[in-house]
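Residue-level structural notes
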Amino acid sequence: MTDHYATDRRPHPISLAIALLLSAVACVPADTGSQAGSAPTATPEDAEGPFPRPEGTYDVRLDPTYMVPMRDGVRLATDFYFPVGAPEPLPVIQIRTPYSKMPHRRENSAARWFASHGFAVAVQDMRGRYQSEGEYFVSRDDRRDGYDMVSWLAGQPWANGRVGTYGCSYLGENQMQLAATRNPNHAAALPQAAGGSLRYFGVIFGGATELAASLGWFRGAGTKVFYRIPPGTPRDVVLQVEEMINPAPNPGELDFQAAWRTLPYIDMLKAAGAPPTDFEAFVSHEPGDPWWDHIGYVNDEDRFDVPALHVNSWYDLGVSETLKLFNLLSDNAESDRGRNNQFAIISPTDHCTSEIATSRTVVGERDLGDARLDYWNIYLRWFDHWLRGDGAGGEYAGAAGAGTEGADFEGMPRLQYYLMGANEWRSADSWPVEGTEFRPMYLHSEGNANTRDGDGRLSWEAPATDQPADVFVYDPDDPVPTIGGPVCCTGTAEAPAGGFDQSAVEDRDDVLVYTSEPLTDALEVTGPIELVLHVSSDARDTDFVAKLVDVQPDGTPVNVQEGIQRARYREGYGRKIWMEEGEVYEVRIDLQATANQFLPGHRIRLEVTSSSFPRWERNLNTGGNNYDETEWVIARNTVHHSPGRLSHVVLPVVTAQKE
């Protein structure tokens, strides 16, 4: 690319719209124009729409499809968006996508919008994807290629040396992998829904495979095979024909209900007629296997030094990991600049939809009030500060070591979170929030907690005397259905995200239900949640699944958060320990995190069972690999709650906050 190219710009009009649904939604390939989850919807009563994006000052010119070389010579296809007439050198925003750079060319894309506000924007097809060269393997090359691209951009004559990064889901995860490389020109990150960068791409949770998300994402977006213009084709020819070519194969229609039940499930995508993907590799390697190290996901030993604004939602898969990243990038920062400039915003919506909340935001079936926030002005202010404002301390920190500490991003709370139930935004300086008390609620029953009509109870008081244990039968051929929840990327409306009536689940005899008395005062539960169960089974291995539920005064149970733990990994992913009949084991279940105000008259409820299908794969209870098995055994599972075996859920109760 020549200097002449960088300065020869012509006007291009730009319009306002919602960018994430069009150009940065990472559940499915962006060119499908569809959303794999259930976007928050407005009720019919004249709800006001989202906060609009402020109009930009500049017209925008697109310079399409330049092949930028990486350190090994592989060239990655990149589009550049320039603000016409903006003074140089320009601050730069980098968007690296596995979903094709082409949809970002739409008039209302985030790339064009940022450019209209005076930023140069580079949108790049990742290695092996769409028009880029090289071999694709999920996330494997993102640390190296992200680093190389930031360095290349910072060295361009039209750039000021400060590069910010932007995007949701996979587009956020590769930002976190890049952050771990500490490129001195990576001046700011804005990762949305990036929790998968911390835990196995979101494929594994509690030792179980996220089945619906894996089928939906790998089938719709994970292909390793693309139709490409031959290498060496002159750029003028590429530009002439690229709009005529859709490089990704179309997997066609699918009966998702049948596909989810495929056994062995490692053959699920092949049976569904999907093109080759990395699905089989991801599900056949156990959590904790050193094989995962070569992919380069973020870990506790990584060091960081980039200011980051983390964005996610309570009904999105991986929200707890987003908050862990918020802490990790601060705790493991190399300087005060990185340590003091980690911020987070957690909305109540589902995957990559925070910005489109309306004045009557309904997520699934749950009305969560006015969940709007002026995201787009916040994003502009963030990049203005770090890429061309005071955040670089005058001269950019990456240049000759100048201004290495930078200035804090002042005037915004470190953490903004939407408190569901109260349906209002709250702020805090840390996570968990100040004033949090981790209080146990104990499971009780007379041995008949099955179904919501049983005698299961939740109480702040621990059992003082022995109580009969609760027993349920888990049949992998008849799993408990998933109804809503924090899910994403399923590829079908048959498995939506959000809050829904759980009555059908709680009417099943294989679901234990424990319920508190109606609350007399509001109770804010904000923070990470853990369930400690004392369990036994006649199976060698099985799963334990739990769900936190908000029971409304009319009896409607609405899901808040959930989790799963495979029994073989109860002492960590580093070892497998089988269960023996007659023995009682402690199993801890990560119920992720939430911010939910249980209102007066509401009750707190906990569901315990052994499946949630199709969100998670069915444990076949044999103790085998599970992914390559076709036979199963029925498990008789028991939950104990007596002195010495105090099964309890640990709730993060916020009792006081700093004014």
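So, here's what we can say about the structure. (Residues numbered from 1 in each chain as written. Predicted model: local features only at pLDDT ≥ 70, side-chain atom pairs only at ≥ 80, totals over all residues. Heavy atoms only, no water.)

**Some words on the overall build of the protein**
Test applied: Under the scheme used here, helices are H or I runs from DSSP no shorter than 4 residues and strands are E runs no shorter than 2 residues, and both carry numbers assigned from the N terminus. To sort residues, take the accessible area from a 1.4 Å probe on protein chains only and compare it with the maximum for the residue type: under 20% means buried, over 50% means exposed, and anything in between is partly exposed. The contact definition used throughout considers only heavy atoms, calling two residues in contact when any of these lie within 4.5 Å. Each accessible area is a Shrake-Rupley estimate made with a 1.4 Å probe; only the visible protein chains count as cover when residues are assessed.
Within the protein, the secondary structure is distributed over 14 helices and 26 strands. By the burial criterion, 61% of the 659 residues in the protein qualify as buried. Restricting the contact set of the protein to residue pairs at least 6 apart, pairs at least 24 apart contribute 78%. Entry remark: accessible area of the protein is about 22700 Å², with carbon and sulfur atoms responsible for 48%.

**Regarding the pairing of strand E10 (residues 308-313)**
Selection criterion: For two strands to be treated as a pair, DSSP must find no fewer than two bridges joining them.
Burial analysis of E10 places six of its six residues in the buried class, the great majority of the element. Burial along E10 is two-sided: the residues Ala308, His310 and Asn312 and Leu309, Val311 and Ser313 are all buried. Pairing between strand E7 (residues 186-192) and E10: two bridges, direction parallel. Its bridge partner being in E10, Gln192 is matched across the sheet by Val311.

**Points about the environment of Arg61**
The condition that has to hold: Identification of polar contacts relies on pairs of N or O atoms within 3.5 Å, with a donor-acceptor requirement for protein atoms, meaning one able to donate a hydrogen and the other able to accept it, and with residues adjacent in sequence counted only if both atoms are side-chain atoms.
Within the secondary structure layout, Arg61 lies in strand E2 (residues 60-69). We classify Arg61 as buried; its relative accessible area is 12%. With 59 residues separating them along the chain, Arg61 and Ala120 place their C-alpha atoms 9.9 Å apart. Here Asp63 takes part through its side chain, which lies 2.6 Å from a polar atom of the side chain of Arg61.

**Describing the state of the cysteines**
In protein structure, a disulfide is the covalent linkage between the sulfur atoms of two cysteines. Counted only if it meets this: Only a pair of cysteine sulfur atoms within 2.5 Å counts as a disulfide in this structure description.
Counting across every chain of the model gives two disulfides. Disulfide partner of Cys168: Cys352, at an S-S distance of 2.0 Å. Between Cys168 and Cys352, the disulfide has an S-S torsion of -100° and is therefore left-handed. Here the residue Cys168 occupies a position in strand E6 (residues 159-168), and Cys352 occupies one in the loop between strand E11 (342-347) and strand E12 (361-363), the gap between them amounting to 184 residues.

**Regarding the packing of aromatic side chains**
To keep it simple, the criterion reads: Aromatic pairing here means that ring centres of Phe, Tyr or Trp (its six-membered ring) are within 6.5 Å. Orientation follows from the plane angle: under 30 degrees is stacked, over 60 is edge-to-face, and everything else is tilted. Charge-over-ring placement is defined geometrically: NZ (Lys) or CZ (Arg) within 6 Å of the ring centre, and within 35 degrees of the ring normal.
Summed over the entire model, instances satisfying the criterion amount to 39 aromatic pairs. Positioned over the ring face of Phe613 is Arg618, at 5.0 Å from the centre of the ring.

**Some words on the pattern of salt bridges**
Two side chains that carry opposite charge are able to pair once their charged atoms sit near each other. Put simply, the rule reads: Whenever Lys or Arg places a side-chain nitrogen within 4 Å of a carboxyl oxygen from Asp or Glu, that contact is recorded as a salt bridge.
Under the criterion given, the structure shown has 41 salt bridges. In this structure, the salt-bridge partner of Glu506 is Arg605, at a minimum N-O distance of 2.5 Å. Taken together, the positions of Glu506 in helix H14 (residues 503-506) and Arg605 in strand E24 (residues 603-609) put the pair 99 residues apart, joining distant regions of the chain. Its relative accessible area of 0% is what places Glu506 among the buried residues. For Arg605, a relative accessible area of 4% translates into the label buried. Glu617 serves as the salt-bridge partner of Arg566, at 3.0 Å between the closest nitrogen and oxygen. One end of the pair, Arg566, is in strand E22 (residues 557-566); the other, Glu617, is in the loop between E24 and strand E25 (635-640), and 51 residues separate them in sequence. The same class applies to Arg566 and to Glu617, which are both buried.

**Quick word on the environment of Ala272**
For Ala272, the location among the structural elements is in the loop between helix H9 (268-271) and helix H10 (279-284). The sequence separation of Ala272 and Leu215 amounts to 57 residues, and the corresponding C-alpha distance is 9.3 Å. Among residues more than four places away in sequence, those in contact with Ala272 are Arg219 and Leu254.

**A short note on the side chain of Ser347**
Position of Ser347 among the secondary structure elements: in strand E11. For Ser347, a relative accessible area of 0% translates into the label buried. The contact partners of Ser347, leaving out residues within four places of it in the chain, are Asn312, Ser313, Trp314, Ser354, Tyr375, Tyr418 and Trp425.

**Regarding the packing of helix H4 (residues 142-154) against helix H5 (residues 170-179)**
Keep this limit in mind: To get an axis, fit a line to the C-alpha atoms, keeping to the stretch in contact for a helix; angles then go from 0 to 180 degrees between the N-to-C directions. In these notes the angle categories are as follows: under 35 degrees is roughly parallel, over 145 is roughly antiparallel, 65 to 115 is roughly perpendicular, and the rest is oblique. Side-chain classes are defined by residue name, with Ala, Val, Leu, Ile, Met, Phe, Trp, Tyr, Cys and Pro counting as nonpolar, Asp, Glu, Lys and Arg as charged, and the others, Gly among them, as polar.
At a minimum axis separation of 8 Å, H4 and H5 run at an interaxial angle of 80°. The pairing of H4 with H5 is recorded here as roughly perpendicular in orientation. Within the contact between the two elements, H4 uses Asp142, Arg143, Gly146, Tyr147 and Val150 and H5 uses Tyr170, Asn174, Gln177 and Leu178. Looking at the contact of H4 with H5 residue by residue, the classes come out as four nonpolar, three polar and two charged.

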